[in-house]
Structures are given as structure tokens and as C-alpha cells.
Amino acid sequence: MSTEELRVSSVIPSSPNRIYKAWMDEREHSAFTGARATVDPWVGGRMSAWDGYLAGTHVVLETGRRIVMTWRTVDFPSDCPDSSVDVTLEAVAGGTKISIVHTGIPEGQSEKYKKGWKSQYLEPLKKYFSKPDAIRAAIQAASKKGLMPIPGVTSAPPGSPRVLVGPKPVVPEPEPEPEPEPIEIPSPKEVLRTEAADVRAPDPLRTPAPKKQRTPKKQPVANAEPVQPKSTSPKQASSVTKKAAKKTVKKVVEKAAPKKVAKKAAKKSTKKAAPKKKAAKKKVVKKAAKKTVKKVAKKAAKKSTKKAAP
């Protein structure tokens, strides 16, 4: 089977390393091409672009210098082998010169792919690196379209099978959930009525508390006569006081021992007086004893009258 080849080139306003990084990063590759892409950035890794329209395998990778890969599209005949793409990056004035040499193309398809390399890679790369905000805008636009791959899923070890990304699957819309039934909110008056009814209504599960038993008070006897204090007449009171006074006088006299007092006074007086005056001394002793007895009797009478009831 006869094959064809093509050559295209362009100057991109960026460094070779930066362009190489954007080419090998599947998120940036999807952003500047405007279609979903997957890239394994190692030799033997798989790549795909344009939503699975083209796919290939990396054969040679030189950072910032060269990318060589096998390449085919869904339009290749089934018995046709893969074509080969050689991308070189060269620093020049104003940026980097990208040269693409594509060989082994099936007959009659080279012109279509030549236009595709220009319109889908070289021109978008110029626009992508033309302004500082262009990269951010392209990434945001690709994410809005759902073209950005999921982080952590696209990278796989060398030699592992890689599933090509095809068109975005159509996800059926979920059925709308039934609307919930409206909840009736009671008015404040109804709430107050129900609360009052709950307070008044007895709770059948609650056991009533036992009532406290009251102790009966002592009632006065109807026929009982009131107890009156005993009353005494003035004569009885005076006789009582006299008897009490006599008793107290006897006790005081017994304690005082007037005989001993008289003897002591007599001895003192006899020492001072002459022997002729013994009779006078006896009279003085008797008078002193009588005075002391009278004083003691008066004091005892006063105490007894205070204690006795009127």
C-alpha cells in the first residue's frame, strides 16, 4: 500500500521547555486543542486527542527537544499500519520553531491531516502562548466544556493498557423527585388551645401521688370544767407567812447560836468591866441577843412574803 508524508512548521512565542511541558500535560493539551486529550509522559506511554479521534504511542521523548510517536486516526484502513510523527523544538528569535514531519499516511489523506496540524495544533499554540492571561482563559473554557481529564486517573505505569477517551457519554437526566406534601402550620390560637387541653387532661400513664394523712387535732371535752387556780384569803396568807417566819427564825437562830454569841460578848465585857458590874453585863448581853434575833426575823418575814401568793 502506497503512503504519503507531510511537513509543517511555525514559530511559537514561548520557550522549547514550556511548549514541551504543555504538549505532554494532558490538561494543557486539552486546553490548547479545545478537545479532550490523554497523555502518558513516558516512552511506551499511550496518547490520544480530539476525543479519541487519533491515538498513538510515544517512541522517543527528549525534554524540550523532540517527540516521536506512532499515530493513527479512526479514518485509517484496518489493514494500514500506524503512521509516524516526529516533532522537533528549536529555539529561535521570537520563540520556538516547531517542525512536524508526518510519514506513513494512507494514500489520499495527507492533505487533510496537513490542514489539521495547522488549524488544530500550530495556530492554537500561538494563541495559547500569545498573552499571559490566554493560558488561564483556555483552561477555564476547557473546564467549562467538561474537557479536562480527572487528575490522578490518566497517569499509569509504562506498558499498562490505556483506554482511549471517546465522545462524552450522554448521561440520562434523573427523574424529578415528587414534591413534598405541604405541611399545615397551626395558628397560634390553636397551639394555645391544644396546650391548655394537654394541661387539663389527666395523664393515664401517670400514677397519682398518695395524699398526706392529716393527724386529727385533740378536741376539748364538752362536759369538762375549767381548772381554776386556788385562791387564798388575806387571813390565811398572813398565818402562812407567820408560820414560815417562825420556821426561818428557828433555823437562823439555830445557825447563829445566840448563846455562844452571848458568851463571847460576856467574856469581852467581863475583861473590861470591874467585878462589881457582872449583873449589868448580863443585861447588855440579853439585849444584844434580842436585837439580833429581831433583825433576823424581819429579814426572813420579808423573804417569805415575796414568795407567797397574794
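Residues numbered from 1 in each chain as written. Predicted model: local features only at pLDDT ≥ 70, side-chain atom pairs only at ≥ 80, totals over all residues. Heavy atoms only, no water.

**Student:** Could you give an account of the overall build of the protein, naming the residues involved and the relevant values?
**Tutor:** The secondary structure content of the protein amounts to eight helices and seven strands. Looking at the protein residue by residue over its 310 residues, the buried ones come to 26%. For the protein, the accessible surface area stands at approximately 24,000 Å², while carbon and sulfur atoms represent 58% of it. (Helix = DSSP H or I, 4+ residues; strand = E, 2+ residues; numbered from the N terminus. Buried < 20%, exposed > 50% of the residue type's maximum accessible area, 1.4 Å probe, protein only. Areas by Shrake-Rupley, 256 points an atom, 1.4 Å probe, with all protein chains shown as cover.)

**Student:** Before we move on, could you go through the side chain of R36 and cite the residues and values that matter?
**Tutor:** Here R36 lies in the loop between α2 (26-33) and β2 (38-39). Notably, R36 is buried but unbridged: the nearest opposite-charge side chain belongs to D51, and the N-O separation is 4.4 Å. Separated by 2.5 Å, the side chain of R36 and the backbone oxygen of G146 make a polar contact. (Lys, Arg positive; Asp, Glu negative; His and termini not counted. Salt bridge = Lys/Arg side-chain N within 4 Å of Asp/Glu carboxyl O. Polar contact = N/O pair within 3.5 Å; in protein donor to acceptor, adjacent residues only side chain to side chain.)

**Student:** Which residues make up the packing of α2 against helix α3 (residues 110-128), and what values do they have?
**Tutor:** Helix packing geometry: the angle between the two helix axes and the distance between the axes. Orientation of α2 relative to α3, taken along the N-to-C sense of each, is 100 degrees, at an axis distance of 8 Å. With respect to each other, α2 and α3 are oriented roughly perpendicular. Contacts between α2 and α3 involve E28, H29, A31, F32 and T33 on the former and, on the latter, Q120, Y121, P124, L125 and Y128. (Axes fitted to C-alpha atoms, helices over the stretch in contact; angles between N-to-C directions. Parallel < 35°, antiparallel > 145°, perpendicular 65-115°, else oblique. Contact = heavy atoms within 4.5 Å.)

**Student:** Kindly report on the nonpolar core, identifying the contributing residues and their values.
**Tutor:** Core analysis: the largest hydrophobic core is formed by 38 residues, its most contacted members being W23, W71, I98, I100, W117 and F129. If one sorts the elements of this core by residue count, α3 sits on top with six residues. For I100, the residues in contact, after removing those within four places along its chain, are L6, R7, V8, V85, D86, V87, W117 and L122. (Core = buried A, V, L, I, M, F, W, Y, C linked by side-chain atoms within 4.5 Å.)

**Student:** So what's going on with the pattern of salt bridges? Which residues, and what values?
**Tutor:** Applying the stated criterion across every chain, the model contains five salt bridges. Note that D82 and R72 form a salt bridge whose closest N and O atoms lie 2.7 Å from each other. Here the residue D82 occupies a position in the loop between β5 (66-73) and β6 (83-92), and R72 occupies one in strand β5, the gap between them amounting to ten residues. Under the relative-accessibility criterion, R72 is labelled partly exposed at 23%.

**Student:** Give me the lowdown on the packing of α2 against helix α4 (residues 132-145), citing residues and values where you can.
**Tutor:** Axis separation between α2 and α4 bottoms out at 8 Å; the angle between their running directions is 90 degrees. With respect to each other, α2 and α4 are oriented roughly perpendicular. Taken together, the residues of α4 that come into contact with α2 (itself represented by E28, S30 and A31) are I135, A138, I139 and A142. Grouping the constituent residues of the contact of α2 with α4 by class yields five nonpolar, one polar and one charged. (Nonpolar A, V, L, I, M, F, W, Y, C, P; charged D, E, K, R; others polar.)

**Student:** Could you give an account of a positive patch on the surface, with specific residues and numbers?
**Tutor:** There is a patch of like positive charges on the surface, built from K283, K286, K287, K290, K291, K294, K295, K298, K299, K302 and K303. Along the chain, K294 falls in helix α8 (residues 278-307). (Patch = residues over 30% accessible without salt bridge, like charges linked within 9 Å, V, L, I, M, F, W, Y side chains within 5 Å. Charge placed at Lys NZ, Arg CZ, Asp CG, Glu CD.)

Nothing here speaks to function; it is all geometry.
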